[in-house]
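Structural characterization, general
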Amino acid sequence: MDPLLQESVLEKAGSIVRRVGSFLKMASYYDIDDILVEEQQRVPVVFQQAVNGVDIDPSAETHCVEPGSKVELPYWLAHELHLRKVAKMKVPACFNQRTKLELGADGASVDLRSRCLYFYEFGCKIAPLVGDRDMGSFLLSAFRTRYQKILAKAHNAAFTAHSKLLSYLTKEETNLYEAAQSSMAAFKKWRIGGPRFERASVLGRKRKEAN
Amino acid sequence: MAGQSDPNVSIFSGEEVEFMAEDEMVEIVPNMRMEPLNMLCGDFGPFYPQMATQVPMWLAIALKKRGKCTIRPPEWMSVENLTQILEAERESQAAFQVLPFHYVEISSLLFDYASGDISDLYMVRSLINDIRDARFLKVESSLESFEDARSSAVKVKNLSAMEVNVVRPFVGRALQSFYKHGSPDLVPNPEAMSARRSQATDNIQRRTLRRR
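Residues numbered from 1 in each chain as written. Chains lettered and ligands numbered in written order. Predicted model: local features only at pLDDT ≥ 70, side-chain atom pairs only at ≥ 80, totals over all residues.

When you go through chain B residue by residue, the secondary structure sums to seven helices and five strands. What you see in chain B, going N to C, is helices and strands ordered as α-β-β-β-β-α-β-α-α-α-α-α. By sequence separation, contacts in chain B at least 24 residues apart represent 68% of the contacts at least 6 residues apart. (Helix = DSSP H or I, 4+ residues; strand = E, 2+ residues; numbered from the N terminus. Contact = placed C-beta atoms within 7 Å.)

With that out of the way, let us pick up the overall build of chain A. From N to C terminus, chain A includes 11 helices and five strands. Each of the 211 residues in chain A was classed as buried or not, and the buried ones make up 29%. Considering only contacts within chain A whose residues lie at least 6 apart along the sequence, 67% involve residues at least 24 apart. (Buried ≥ 20, exposed ≤ 12 C-beta atoms within 10 Å, placed from the backbone.)

Let us look at the sheet that holds strand β1 (residues 42-47) of chain A. All names here are of chain A. The strand order across the open sheet built from three strands is β4-β1-β5, with neighbouring strands paired in antiparallel fashion. The sheet is open, and its two borders are formed by β4 (70-74) and β5 (87-89), each paired with just one other strand. In this sheet, adjacent strand axes meet at a mean angle of 40° when their direction is disregarded. One ladder, built from five bridges, connects β1 with β4; its direction is antiparallel. Within the sheet, the bridge partner assigned to Arg42 lies in β4 and is Pro74. (Pairing = 2+ DSSP bridges. Axes fitted to C-alpha atoms, helices over the stretch in contact; angles between N-to-C directions.)

Once that is clear, we can look at the sheet that holds strand β5 (residues 69-72) of chain B. Residue and element names in this part refer to chain B. Pairing is antiparallel in the open sheet, where three strands are placed in the order β4-β1-β5. With one partner strand each, in any of the chains shown, β4 (53-56) and β5 form the two edges of the open sheet. Strand-to-strand twist in this sheet, taken as the mean axis angle between neighbours without regard to direction, amounts to 45°. Both strand β1 (residues 25-30) and β4 contribute to a ladder of four bridges, which runs antiparallel. Looking at β4, one finds that Ile28 is bridged to Thr53.

Okay, the nonpolar core next. The biggest cluster of nonpolar side chains holds 74 residues, and the ones touching the most others in it are A:Ala78, B:Ala60 and B:Phe170. Those residues in contact with B:Phe170, other than ones at most four positions away along the chain, are A:Ala154, A:Leu176, A:Ala179, A:Ala180 and A:Ser183. (Core = buried A, V, L, I, M, F, W, Y, C linked by C-beta atoms within 7 Å.)

On to the confidence of the model for chain B, then. All names here are of chain B. A residue-level look at chain B finds 76% of positions with pLDDT of 70 or above and a mean pLDDT of 79. For chain B, helix α7 (residues 190-211) is the element with the lowest average pLDDT, namely 44, and β1 is the one with the highest, namely 93. Contacts from residues 1-9, a stretch scored under 50 in pLDDT, to residues over four places away or in other chains number 16 contacts. Note on residues 187-212: pLDDT under 50 across the span, and 10 contacts to partners over four residues away in sequence or across chains. (pLDDT = per-residue confidence, 0-100.)

Further remarks concern the interface of chain B and chain A. At the interface, 29 residues of chain B touch 31 residues of chain A. When residues of the side of chain B that touches chain A are traced back to their parent elements, those giving at least two are α1 (14-21), α5 (121-145), α6 (161-182) and α7 of chain B. Looking at the side of chain B that touches chain A, the element that brings in the most residues is α6(B), giving 11 residues.

Put into structure tokens, the structure is as follows:
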């Protein structure tokens, strides 16, 4: 196996090292979403160097990867290969021009969930690597338009009424929506009341008469 | 607690906010004679029949439950004042009227425990419900406008404890996201980054060597 690739795979296996590394990069160590972003999201890469002893395509005749071959790899592997200049990252499909145009036209009704569940987190991770300087402002403006729609729906409606909206939202937006829903539900529960303390049955009867 | 997966964004439950509201002072008229109560949070009393005195809400409720006093509703809970506030709330779309910080909780506690002491109970209750609903709609619309500003901040004055508490998890998360995506160092200088990175890999290699 190519020593460079081996090293990066070993680093993945010793995931503690990697997580500490990303912890230093201000991601949170225990954030399951942060782990899942790196696991699930695939990034197209173009190999810059030949790599021996790996089977990326099972039907390939040789156990090596030619320079210039295009493969989709999970983010964690693509990231390491990119930094070691073995492979070069391309912009993933969910950040292509078409998505950008759609989000610019009507951000609130674009189905981001099916494109990339961790749209914003992934965008933040990928931006410095593919050298996209507009990514930050693009993500921000997309989030702004979508935020307004979530705000309008989140605090006032029954959960089921917006299953269509929910099916469009990314993970981060869903968290936002659910936070609003649960706090509103908690407030309503408090307002309707119910027993404040455990009351003796005698006192309970007395209060009903008063009402 | 309203099941937060993220421990950084905490929320008080309605009961907890109500608990804090119980420290607000309220005027009671006792119908018994009692020595002053010396509490950690202060001295209350002495209590004489028909002599009004100031006590915290929790003490007032405890006495009321035992039938030892009547609670005087606070001045802002009069029908005239509430009608005025409701009109003002409906008139201006941006500004919030000045109400006690715990008005939702105090009124709800009084309705539950001292409904007999409030004159025009139904009127007051529906006025307060209307004010609360009107204000909450305004909270939402004012939150809508804040992402237009360059800075990710919104200035909303005179919010009450319960209103803040309801929007806290949402706003907290939203602001975090705005901050994250709006921060200018999202795209750092590539050279500086690769330099830092190669340094880091050097460190790792050195460490493994030493271990062998």
